[in-house]
Amino acid sequence: MADRTINFSAGPCTLPLEVLEEAQSEFVDYHGAGMSLIEMSHRGAHYDAVHQEALQLTREVAGLPDDFEVLFVQGGASLQFAMAPMNLLATGESAAFAVTGAWAEKAVEDAGHHGDAYVAWDGSDEGYARTPSAGDLDLRDGTRYLHVCTNETIGGIRFPEIPQVDVPLVGDVSSEFLSRPLPWDRFDLVFGGVQKNLGPAGMAVVFVRKSVLESGNRDLAAYLRYDVHASKESLYNTPPVFTIWMTGKVLKWMQAQGGLAAIEAAAERKAALVYDVIDGSDGYFRSPVDAGHRSVMNVVWRLPSEDLEAQFLKEASAHGMSGLKGHRSVGGLRASIYNAMPESGVQALADLMRDFADRHPA
Ligand code: PMP
């Protein structure tokens with residue numbers, strides 16, 4: 001397919017072409033059933049096989065230890081901003097937040113509706129140019145967990161190392177989902193919306209430590225309880241069958257790529273193609289974030305003027321690229337280089353950047 005757009009959108013975003021084509025070939029008549037998968041009961045044998053396989057593949061690709069459950073929950077990562085404090089916080093406990101950008105800001109604000117949520121570190125004064133180290137975090141007594149957004153999608157920063165502190169972590173990994181291994185022993189809960197690295201929009205994958213299910217708050221509506229989702233194997237109610245089906249296919253594709261280690265290596269390589277152009281441009285391109293904290297999923301950068309940024313977007317579009325406009329709150333440019341973005345797409349972007357800088361001096 002020669003005319004496929006090089007899609008740098010922040011999510012929903014590019015998915016592996018092989019996965020789209022496979023789904024297309026199975027779509028109308030699923031395995032000879034005379035109907036599509038999305039028309040079938042979610043309690044039937046066909047869907048059950050898809051569901052169980054997707055749960056198992058998630059566990060395998062993540063390298064998840066046995067003391068964690070995998071849950072598929074609708075409402076995206078945003079609902080997890082509420083479900084985490086609802087389920088984890090007991091009376092008298094508080095939740096700490098490392099406020100590293102727009103997504104951590106949202107999380108602390110939402111948690112405040114469900115318990116005592118406080119800011120343990122705030123990067124806004126530094127323009128969210130870096131993430132904190134463990135020593136920067138101001139944790140109070142009675143803290144149940146520390147929330148970290150491991151990769152800030154809008155600001156383009158990530159934690160180079162996941163901090164090790166005296167309380168368990170809750171991690172929002174939405175925009176770097178399954179792109180690097182996680183130190184599971186530090187976490188009680190990890191979640192992410194699937195619509196970047198794992199599949200189409202429609203749910204969050206939640207990894208929750210089993211001990212949390214035993215001790216968690218039960219005075220909640222059923223759908224909001226992690227233990228309910230766990231005991232029903234994410235079939236408490238009608239699940240987003242299309243999303244889960246596609247996510248399973250993407251996970252299989254990830255295994256075929258060589259799994260997490262290969263995906264991580266590819267992500268580092270792809271991001272370096274763009275960062276090398278930025279760093280080698282004598283200040284023509286500028287990265288607003290500290291070099292050691294740069295995201296490898298969401299690369300953000302500026303040009304010498306907004307006019308040149310607009311011109312760059314125009315030329316990128318003429319070269320078959322889309323989704324490069326920075327988030328409206330920060331401006332500039334952003335390339336979201338998720339797992340399914342081929343290296344050739346990033347190379348095309350890097351080539352255009354070099355060529356553009358030559359043709360349009362500051
Ligand atoms: N956290 C991060 C880091 C995100 O990038 C996003 C979405 N861009 C969200 C949370 C919210 O995810 P959702 O749209 O699935 O609710």
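The coordinates are above.
### Description of the site of the ligand
(1) Moving on: Neighbouring residues of the ligand: 13 residues in total, closest Ser 78, Thr 153, Asp 172, Gln 195 and Lys 196.
(2) Moving on: In the environment of the ligand, an oxygen atom lies 3.0 Å from a nitrogen or oxygen atom belonging to the backbone of Ala 77.
(3) Moving on: One nitrogen or oxygen atom from the side chain of Trp 103 is found 3.4 Å from an oxygen atom belonging to the ligand.
(4) Moving on: In isolation the ligand offers 400 Å² of accessible surface; the protein chains occlude 85% of this area.
(5) Moving on: With four residues, the top contributor of residues to the shell around the ligand is helix α3 (residues 76–88).

### Thoughts on helix α1 (residues 17–27)
(1) Moving on: Listed as buried for α1 are Val 19, Ala 23 and Glu 26. Axial view of α1: buried residues confined to an arc of 70°, hence all on one face. Opposite the buried face of α1, by more than 90 degrees, sit the exposed residues Gln 24 and Ser 25.
(2) Moving on: In the core, the buried residues of α1 are packed alongside α7 (241–257).

### Remarks on the environment of Leu 352
(1) Moving on: If you trace the backbone, Leu 352 turns up in helix α10 (residues 343–359).
(2) Moving on: The exposure class of Leu 352 is buried, given its relative accessible area of 3%.
(3) Moving on: As for Leu 352 and Phe 191, which are separated by 161 residues in sequence, their C-alpha atoms are 35 Å apart.

### Side note on α10
(1) Moving on: Across its 17 residues, α10 extends 24 Å between first and last C-alpha, which sits within 8% of the 24 Å expected from 1.5 Å per residue.
(2) Moving on: All of the buried residues along α10 are Gly 345, Val 346, Leu 349, Ala 350, Leu 352, Met 353, Phe 356 and Ala 357. Take α10 and look down its axis: the buried residues cluster within an arc of 160°, on one side only. Turned more than 90 degrees off the buried face of α10, the exposed positions are Ser 344 and Asp 358.
(3) Moving on: Of the surrounding secondary structure, the elements contacted by the buried residues of α10 are β1 (6–7), α8 (259–279), β11 (298–301), α9 (306–318), β12 (321–322) and β13 (333–336).

Cut-offs applied
Residues numbered from 1 in each chain as written. Predicted model: local features only at pLDDT ≥ 70, side-chain atom pairs only at ≥ 80, totals over all residues. Heavy atoms only, no water. Near = heavy atom within 4 Å. Polar contact = N/O pair within 3.5 Å; in protein donor to acceptor, adjacent residues only side chain to side chain. Areas by Shrake-Rupley, 256 points an atom, 1.4 Å probe, with all protein chains shown as cover. Helix = DSSP H or I, 4+ residues; strand = E, 2+ residues; numbered from the N terminus. Buried < 20%, exposed > 50% of the residue type's maximum accessible area, 1.4 Å probe, protein only. Arc of directions from axis to C-beta. Contact = heavy atoms within 4.5 Å. Expected span 1.5 Å × (residues − 1).

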